[in-house]
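# Results of the structural survey
As a plain string of letters, each chain reads:
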Amino acid sequence: MSLKYQGQLNLGNAAFGTEKTITANEVVDTVDLKALAREIHHQNELIPEQVAENVLENFAQAAAELMAMGFAIQFRKGNDVFLRIYPDIHVKGGNINLARAKELDPTVTELTMENAGALIDKAGVTVRVRAEVEKKFTDLLVQESSGLERKGIVEKAYVERKDGVV
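One structure accompanies this document, and this report is about it.

Here is what the cut-offs are and how they apply
Residues numbered from 1 in each chain as written. Predicted model: local features only at pLDDT ≥ 70, side-chain atom pairs only at ≥ 80, totals over all residues. Heavy atoms only, no water. Helix = DSSP H or I, 4+ residues; strand = E, 2+ residues; numbered from the N terminus. Rg over C-alpha atoms; globule rule 2.2 N^0.38 Å. Buried < 20%, exposed > 50% of the residue type's maximum accessible area, 1.4 Å probe, protein only. Contact = heavy atoms within 4.5 Å. Areas by Shrake-Rupley, 256 points an atom, 1.4 Å probe, with all protein chains shown as cover. Lys, Arg positive; Asp, Glu negative; His and termini not counted. Charge placed at Lys NZ, Arg CZ, Asp CG, Glu CD. Pairing = 2+ DSSP bridges. Axes fitted to C-alpha atoms, helices over the stretch in contact; angles between N-to-C directions. Patch = residues over 30% accessible without salt bridge, like charges linked within 9 Å, V, L, I, M, F, W, Y side chains within 5 Å. Salt bridge = Lys/Arg side-chain N within 4 Å of Asp/Glu carboxyl O.

This part covers the overall build of the protein. For the protein, the helix and strand inventory stands at 5 helices and 6 strands. Listing the helices and strands of the protein from first to last along the sequence gives β-β-α-α-β-β-α-α-β-α-β. At 23 Å, the protein has a C-alpha radius of gyration far larger than the 15 Å of a compact globule built from 166 residues. Overall, the C-alpha framework of the protein stretches about 65 × 45 × 25 Å when taken along its three principal axes. Every one of the 166 residues in the protein was classed for burial, and the buried ones make up 17%. Counting only contacts in the protein whose residues sit at least 6 apart along the sequence, the fraction spanning at least 24 positions is 51%. If you sum the accessible surface of the protein, you get close to 12,900 Å²; carbon and sulfur atoms cover 55% of it. For the protein, the separation between the mean place of its 20 positive charges and that of its 25 negative charges on side chains is 4 Å.

What follows concerns the sheet that holds strand β6 (residues 148–156). Spatially, 3 strands are ordered β2-β1-β6 in an open sheet, and the strand pairing comes out mixed. With partners counted over all chains shown, the strands left at the sheet margins are β2 (21–26) and β6, one partner each. Strand-to-strand twist of the sheet, defined as the mean angle between neighbouring strand axes without regard to direction, takes the value 25°. Two strands pair when backbone bridges link them, and strand β1 (residues 3–10) and β2 are joined in this way by 6 bridges, in the antiparallel orientation. The residue bridging Asn 10 from the neighbouring strand is Thr 21, located in β2.

Nonpolar side chains collect at one region of the surface, where Ile 89, Ile 120, Val 125 and Val 127 lie side by side and expose about 360 Å² of accessible area between them. For Ile 89, the position within the fold is in strand β4 (residues 80–91). Look at Ile 89 and you get exposed, because its relative accessible area is 54%.

Just geometry here; none of it tells us what the structure is for.
So, in C-alpha cells, the structure goes:
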C-alpha cells in the first residue's frame, strides 16, 4: 500500500507576487463509514461491522455534546495520543490591538484588564471545531505504508489579477 501523490507545476499568482513553484499533493480517495467499520472489524473481530458503523454514525453528535460541555476529545493508540479534537474559540475579526479597540469603543486609550472583556463582547467571538494530529499518527501512517508513488505531474495556470482582485 503506497501513498500516492502528484507533482504540480504552479505558474504563479499575481496577488501574492509568486513565481513558478513545484509542489507535491496527495492523491486520495474517500472511504465511507461502511469501509471504516469493516477495517475496525478486521482489527478486532469481536466488534461486528454493524456495531462499528453505528458507533461511527453517532460519533459527531456525541463529540459535539461533549465539546459543548467544555471537553476536548483525545484518540489514543495505547498510551499515545494521535488525534485531538476541541472547540477552538477566537475573537471575531482577529486580535484586538489599540487601533481596533478605538474602532470598537472610541473612549479607549489603552488595553487593560478592565476593558478587555467589554471589547471582546463588542467584537464577538467565533467557534469552530479543530483537529490536531500528533506526530505519532504520522509515524503510524508511515509504518503502514510501503512508500510513496508519484502518479504524474500537472500544471496549474498563472493566476492574474482582475480589476485589482484575484
